[in-house]
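Listed here are the chains, written in short residue letters.
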Amino acid sequence: QVQLVESGGGLVQAGGSLTLSCTASASGRAFSTYAMGWFRQAPGKEREFVAAISGRGTTTDYADSVKGRFTISRDNAKNTVYLQMNSLKPEDTAVYYCAAAVVLTRKTDAYDYWGQGTQVTVSS
């Protein structure tokens, strides 16, 4: 089992920045063996892919809606993955979740472990 805990959400004005963190608890396999993803879910909408990073951090993938504004990174020594969010827009408002999977993918159902989510609200 892997437990994931997100932090860093909050209220920010449009054009502002936030950095989300997600820290994993120790499990039977090393954190670096998991691809990590960030997803978000706005009220009344389905959960959607935001960004993902491979276990070693060498490969990243972004949704078109955040490409160029968001950056995913990880520190395997700290069992932590980050999502740096710049130039935030009101449409970025959502609960943001981190998740762990054995392969780098955008598919929600491929992720085995999920955090509890952190709220990001962008005011106009």
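The structure we're discussing is the one just above.
Not measured: the values here are computed from a predicted model.

## Some details on the overall build of the chain
No. 1: When helices and strands are counted, the chain shows zero helices and 11 strands.
No. 2: Secondary structure elements in the chain, listed N-terminal to C-terminal, are β-β-β-β-β-β-β-β-β-β-β.
No. 3: Over its C-alpha trace the chain gives a radius of gyration of 13 Å, about what one expects of a compact globule, namely 14 Å for 124 residues.
No. 4: Overall, the C-alpha framework of the chain stretches about 45 × 25 × 25 Å when taken along its three principal axes.
No. 5: Every one of the 124 residues in the chain was classed for burial, and the buried ones make up 43%.
No. 6: The contacts in the chain between residues at least 6 apart in sequence include a share of 58% that link residues at least 24 apart.
No. 7: Carbon and sulfur atoms provide 47% of the accessible area of the chain, an area that totals close to 6200 Å².

## A short note on the environment of alanine 101
No. 1: The residue alanine 101 is located in strand E9 (residues 94-101) in this model.
No. 2: Looking at alanine 101, the relative accessible area reads 0%, which means it is buried.
No. 3: Sequence separation between alanine 101 and glutamine 1 is 100 residues, and the spatial gap between their C-alpha atoms is 12 Å.
No. 4: If sequence neighbours within four positions are ignored, alanine 101 has contacts with Tyr34, Ala35, Ala110 and Tyr111.

## Description of the sheet that holds strand E7 (residues 70-75)
Two strands in a sheet stick together by hydrogen bonds in their backbones, pointing the same way (parallel) or opposite ways (antiparallel).
No. 1: On the basis of which strands lie adjacent, the open sheet formed by four strands has the order E1-E3-E8-E7 and antiparallel pairing. Each end of this open sheet is capped by a strand with a single partner; those strands are strand E1 (4-7) and E7. Strand-to-strand, the axes of this sheet are offset by a mean angle of 15 degrees, without reference to chain direction.
No. 2: Pairing of E1 with strand E3 (residues 18-24), which is carried by four bridges, proceeds in the antiparallel orientation.

Rules used throughout
Residues numbered from 1 in each chain as written. Predicted model: local features only at pLDDT ≥ 70, side-chain atom pairs only at ≥ 80, totals over all residues. Heavy atoms only, no water. Helix = DSSP H or I, 4+ residues; strand = E, 2+ residues; numbered from the N terminus. Rg over C-alpha atoms; globule rule 2.2 N^0.38 Å. Buried < 20%, exposed > 50% of the residue type's maximum accessible area, 1.4 Å probe, protein only. Contact = heavy atoms within 4.5 Å. Areas by Shrake-Rupley, 256 points an atom, 1.4 Å probe, with all protein chains shown as cover. Pairing = 2+ DSSP bridges. Axes fitted to C-alpha atoms, helices over the stretch in contact; angles between N-to-C directions.

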